[in-house]
Amino acid sequence: MRKEIVFITTNAHKVEEIRDLADVESKDIAIEHLDYDYPELQLDETEEVASASADYIRENKGMTKPFFLEDSGMFIPALNGFPGPFSAFVFRSIGNDGILKLMANKKGAERRATFKTVVALCESSEKEPILFVGTVEGKIADVGRGEGGFGFDPIFEYEGATFAEMSTEEKNKVSHRGRAFRKLLNYIS
Ligand code: IMP
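Residues numbered from 1 in each chain as written. Predicted model: local features only at pLDDT ≥ 70, side-chain atom pairs only at ≥ 80, totals over all residues. Heavy atoms only, no water.

Novice: Any chance you could explain the overall build of the chain here in plain terms?
Specialist: The secondary structure content of the chain amounts to six helices and seven strands. The secondary structure elements of the chain, listed N-terminal to C-terminal, are β-α-β-α-β-α-α-β-β-β-β-α-α. Relative to the globule expectation of 16 Å for 189 residues, the C-alpha radius of gyration of the chain, 17 Å, shows essentially globular dimensions. Judged by the C-alpha coordinates and their principal axes, the chain covers about 50 × 35 × 20 Å. Buried residues in the chain amount to 48% of all 189 residues. (Helix = DSSP H or I, 4+ residues; strand = E, 2+ residues; numbered from the N terminus. Rg over C-alpha atoms; globule rule 2.2 N^0.38 Å. Buried < 20%, exposed > 50% of the residue type's maximum accessible area, 1.4 Å probe, protein only.)

Novice: Where do I start with helix α1 (residues 12-25) in this structure?
Specialist: Note on helix geometry: an α-helix contains 3.6 residues per turn, so any two residues three or four positions apart are oriented the same way. In this model α1 runs 20 Å from its N-terminal to its C-terminal C-alpha over 14 residues, within 8% of the 20 Å that 1.5 Å per residue would give. Considering only its buried residues, α1 is in contact with β1 (3-8), β2 (29-34), β3 (67-75), α5 (168-174) and α6 (176-188). (Expected span 1.5 Å × (residues − 1). Contact = heavy atoms within 4.5 Å.)

Novice: When you look at the packing of aromatic side chains in this model, what are you seeing that I'm missing?
Specialist: A ring pair, where both rings are aromatic, is described by two values, the distance of the centres and the angle of the planes. A complete count under the given rule lists eight aromatic pairs for this structure. Between F7 and F68 the ring centres are 4.6 Å apart and the planes differ by 5°, which places this aromatic pair in the stacked class. With F7 in strand β1 and F68 in strand β3, this residue pair connects regions lying 61 residues apart in the sequence. Accessibility classification places F7 together with F68 in one group, the buried group. Note on F115 and F163: the rings are 6.4 Å apart at their centroids and 15° apart in plane angle, and the pair reads as stacked. Here F115 is found in strand β4 (residues 112-122), whereas its partner F163 is found in the loop between β7 (161-162) and α5, with 48 residues between them in sequence. Each member of the pair, F115 together with F163, is buried. (Phe/Tyr/Trp six-rings, centres within 6.5 Å; stacked < 30°, edge-to-face > 60°.)

Novice: Would you take a moment to explain the environment of R2 for this structure?
Specialist: Of note, R2 is situated in the segment before β1. Once the C-alpha coordinates of R2 and D28 are considered, the two residues, 26 residues apart in sequence, prove to be 4.5 Å apart. Contact partners of R2, with chain neighbours within four places excluded, come to K27, D28, I29 and A30.

Novice: What is the right way to read the sheet that holds strand β5 (residues 130-140) from this model?
Specialist: Whether parallel or antiparallel, the strands of a sheet pair through hydrogen bonds between backbone atoms. One open sheet accounts for seven strands, arranged β2-β1-β3-β4-β5-β6-β7; its pairing is mixed. With one partner strand each, in any of the chains shown, β2 and β7 form the two edges of the open sheet. Here β4 pairs with β5 via ten bridges, running antiparallel. The residue of β5 that forms the bridge with A113 is G138. Along the sheet, α1 makes contact with β1, β2 and β3, crossing β2 at roughly 170°. (Pairing = 2+ DSSP bridges. Axes fitted to C-alpha atoms, helices over the stretch in contact; angles between N-to-C directions.)

Novice: Is there a simple way to explain the site of the ligand in this structure?
Specialist: Not every one of the 16 residues close to the ligand is listed here, only the nearest: K14, S72, D153, K171 and R177. Within the side chain of H176, one N or O atom sits 3.0 Å away from an oxygen atom of the ligand. Alone, the ligand offers 480 Å² of accessible surface; in the complex the protein occludes 91% of this. Those elements giving two or more residues to the shell around the ligand turn out to be β3, α3 (87-93) and α6. Of the residues that constitute the shell around the ligand, the class distribution is five nonpolar, four polar and seven charged. (Near = heavy atom within 4 Å. Polar contact = N/O pair within 3.5 Å; in protein donor to acceptor, adjacent residues only side chain to side chain. Areas by Shrake-Rupley, 256 points an atom, 1.4 Å probe, with all protein chains shown as cover. Nonpolar A, V, L, I, M, F, W, Y, C, P; charged D, E, K, R; others polar.)

Novice: Just to check I follow, could you spell out the pattern of salt bridges for this structure?
Specialist: When their charged atoms lie close together, side chains carrying opposite charge are able to pair. Enumeration over the complete set of coordinates arrives at 14 salt bridges. For R145, the salt bridge goes to E157, with nearest N and O atoms at 3.0 Å. Of this pair, R145 sits in the loop between β5 and β6 (156-158) while E157 sits in strand β6, placing them twelve residues apart in sequence. Through salt bridges with shared partners, a single ionic network connects K14, E17, E70, D153, K171 and R177. (Salt bridge = Lys/Arg side-chain N within 4 Å of Asp/Glu carboxyl O.)

Structure below.
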């Protein structure tokens, strides 16, 4: 029998990526989507944000099935880790063009960037969340490229292609979310 697990997010792109990965790698897990906008605390570490969000849902949502959520961020060492925990706000406010402007005079290794996802799994509302972390190292492209994906995908380059130039399956193979979610699937199955 397929194991059912609920993914809580308002981001349909994340659901598409995670369902695609489960389809490719683990046919015995069914991902249900709960489109619920929980308050996201502004904390310094992605791990703390994911844990606090899972605790909020455990306390307020009365979940009867195992569930998980995830928090992601992009970190640019040459900008002291910016936008990091502020990624969602920065994307909404200055967007990819704003990041490209901040990076205008950065060359070579100064363009390095890391994406990080922390998945928080609660096997029941009584249990503390278990965290699965995935990261990927890439660089900020000189200009945005590609039509796929979402968020910072057009400006995040991995081995010559931006995430927005990759198919969902290609992105999942190497992405922060793919890596974190593969750990979750291994744990469940
Ligand atoms: P969130 O808080 O985890 O939803 O993500 C923080 C910000 O990073 C949002 O603006 C997202 O659009 C962006 N983001 C998260 N994951 C990705 C990704 O896989 N590619 C590009 N941008 C992402």
